[in-house]
Amino acid sequence: HSALGGASQEQSRGGESPPLTYALLSGKDPKSLLKRGLRYVSLSLIMKGMTSAPDFLWGLPEVQKLNLSRNQLVAIPPSLGKLDRLVVLNLSGNCLKCLPKEIGLLRNLKVLFVNMNCLTEVPAELSLCRKLEVLSLSHNCISQLPSSFTDLTSLKKLNLSNNRFVQIPLCIFALRSLDFLHLGSNRLESVAESIQYLANLQILIVENNNIRTLPRSLCFIMALELLNVDYNSIQTLPDDLYLLRRLPRIAWNPMDKGLHVSHNPLSRPLPELVEGGLDVLFNYLREKKEHH
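Below is a summary of the structure that appears in this document.

About the criteria used
- Residues numbered from 1 in each chain as written.
- Predicted model: local features only at pLDDT ≥ 70, side-chain atom pairs only at ≥ 80, totals over all residues.
- Heavy atoms only, no water.
- Helix = DSSP H or I, 4+ residues; strand = E, 2+ residues; numbered from the N terminus.
- Polar contact = N/O pair within 3.5 Å; in protein donor to acceptor, adjacent residues only side chain to side chain.
- Contact = heavy atoms within 4.5 Å.
- 1 Å grid on protein atoms, 1.4 Å probe; cavity = no way out; pocket = protein on both sides within 12 Å on 5 of 7 lines; lining within 4 Å.
- Points joined across faces, edges and corners; volume = space filled by probe spheres on them.
- Nonpolar A, V, L, I, M, F, W, Y, C, P; charged D, E, K, R; others polar.
- Buried < 20%, exposed > 50% of the residue type's maximum accessible area, 1.4 Å probe, protein only.
- Pairing = 2+ DSSP bridges.
- Core = buried A, V, L, I, M, F, W, Y, C linked by side-chain atoms within 4.5 Å.
- Patch = residues over 30% accessible without salt bridge, like charges linked within 9 Å, V, L, I, M, F, W, Y side chains within 5 Å.
- Areas by Shrake-Rupley, 256 points an atom, 1.4 Å probe, with all protein chains shown as cover.
- Salt bridge = Lys/Arg side-chain N within 4 Å of Asp/Glu carboxyl O.
- Lys, Arg positive; Asp, Glu negative; His and termini not counted.
- Charge placed at Lys NZ, Arg CZ, Asp CG, Glu CD.

### Some details on the side chain of Ser 161
Tracing the sequence through the fold places Ser 161 in the loop between β7 (157–159) and β8 (180–182). At a separation of 2.8 Å, a polar atom in the side chain of Ser 161 contacts the side chain of Asn 159. Dropping the residues within four chain positions of it, Ser 161 is found in contact with Ser 138, His 139, His 182, Leu 183, Gly 184, Ser 185 and Asn 186.

### Looking at the environment of Leu 183
Along the chain, Leu 183 falls in the loop between β8 and β9 (203–205). As a C-alpha pair, Leu 183 and Leu 224 span 41 residues in sequence and 15 Å in three-dimensional space. Those residues in contact with Leu 183, other than ones at most four positions away along the chain, are Leu 160, Ser 161, Phe 165, Ile 168, Leu 188, Ile 205, Val 206 and Asn 209.

### A closer look at the layout of surface pockets
Estimates place the volume of the largest pocket at around 180 Å³. As for the largest pocket, its lining consists of Phe 180, His 182, Ile 203, Ile 205, Glu 207, Leu 226, Asn 228, Pro 254 and Met 255. Looking at the lining of the largest pocket, the elements with two or more residues in it are β8, β9 and β10 (226–228). Residues that form the lining of the largest pocket fall into these classes: six nonpolar, two polar and one charged.

### Thoughts on the pairing of strand β2 (residues 41–44)
Every second residue of β2 is oriented toward a common face, the buried set being Val 41 and Leu 43 and the non-buried set Ser 42 and Ser 44. Both strand β1 (residues 35–36) and β2 contribute to a ladder of two bridges, which runs antiparallel. In the strand pairing of β2, Arg 36 is matched with Val 41. Connecting β1 to the next strand, β2, in antiparallel fashion are four residues. Looking at chain direction, β2 and strand β3 (residues 65–67) are connected through three bridges and run parallel. Each residue of the ladder has a partner; that of Leu 43, found in β3, is Leu 66.

### Here's the deal with the nonpolar core
Formed by 83 residues in total, the largest nonpolar core has its most connected members in Leu 145 and Leu 281. Secondary structure elements with two or more residues in this core: β2, α3 (270–276) and α4 (278–291). Dropping the residues within four chain positions of it, Leu 145 is found in contact with Val 122, Leu 137, Leu 160, Phe 165, Pro 169, Cys 171 and Ile 172.

### Focus: a positive patch on the surface
On the surface, a cluster of positive charge is contributed by Arg 39, Lys 65, Lys 110, Lys 131 and Lys 156. Relative to the assigned elements, Lys 110 resides in the loop between β4 (88–90) and β5 (111–113).

### Observations concerning the sheet that holds β2
Paired through their backbone hydrogen bonds, the strands of a sheet run either parallel or antiparallel. Here 11 strands make up an open sheet; going across it, the order is β1-β2-β3-β4-β5-β6-β7-β8-β9-β10-β11 and the pairing mixed. The sheet terminates laterally at β1 and β11 (258–260), the two strands that pair on one side only. Of the pairings in the sheet, the one linking β7 to β8 comprises three bridges and is parallel in character. By the bridge assignment, Leu 158 is partnered in β8 with Leu 181.

Right, dumping it as structure tokens:
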């Protein structure tokens, strides 16, 4: 905690936080802050109390991993586009209201964290980062995504939890490589039938929304290992749910694989069947379907 306090005192005096000040005042080359790992050249400036990124940053084009998380950054300048070798960029835990459109120049970017900021929208240019595999935009104020997102065909993991989505953005259904999708704690009222296009999805989390029913098409995503629909308004379950053979159990711990269906107003006899375990529930649904 004192580190944070110290950093903000530095900031209020108009200076930068200690490690940067040291590098600059001692006449050291800012490049001395770079760490050369086995695979990547990285630079970490976490929790420095910075309200703006230091200018020397944009003169370090060799940086491949950049961590600016947990500062008080209110904006990222267009100069970000100069760091075109970036593979990993972490901007989480700042005060960013938007991202510069020059983010689209980061053609080598594979991992981007912008969670816990104040974003209300995402620039369409982000879709130019075709190599992007992991994207976290959780804990922001986003209610829609640009349609150009359909171009992020390499995206495997997408976290949009704790935002303001009323429906799953259509562009997501084009992301056929997705294996992880988190839309928990939004304002979703339904899951579209198009969810079935995400055939490689292994983890789908839509807990804590206003979902009333689950689409039958969800039952055809054979790769699903974790389906979390806790804390919704679901009364019935689709008869074909038993087709999801990779769900190992009824799960109660948020981290466990399986079917999470607690805290829903399930109609009878579903609550008792859920208590009995996944086999009991699936047998019931299978028989119910056969009798139809």
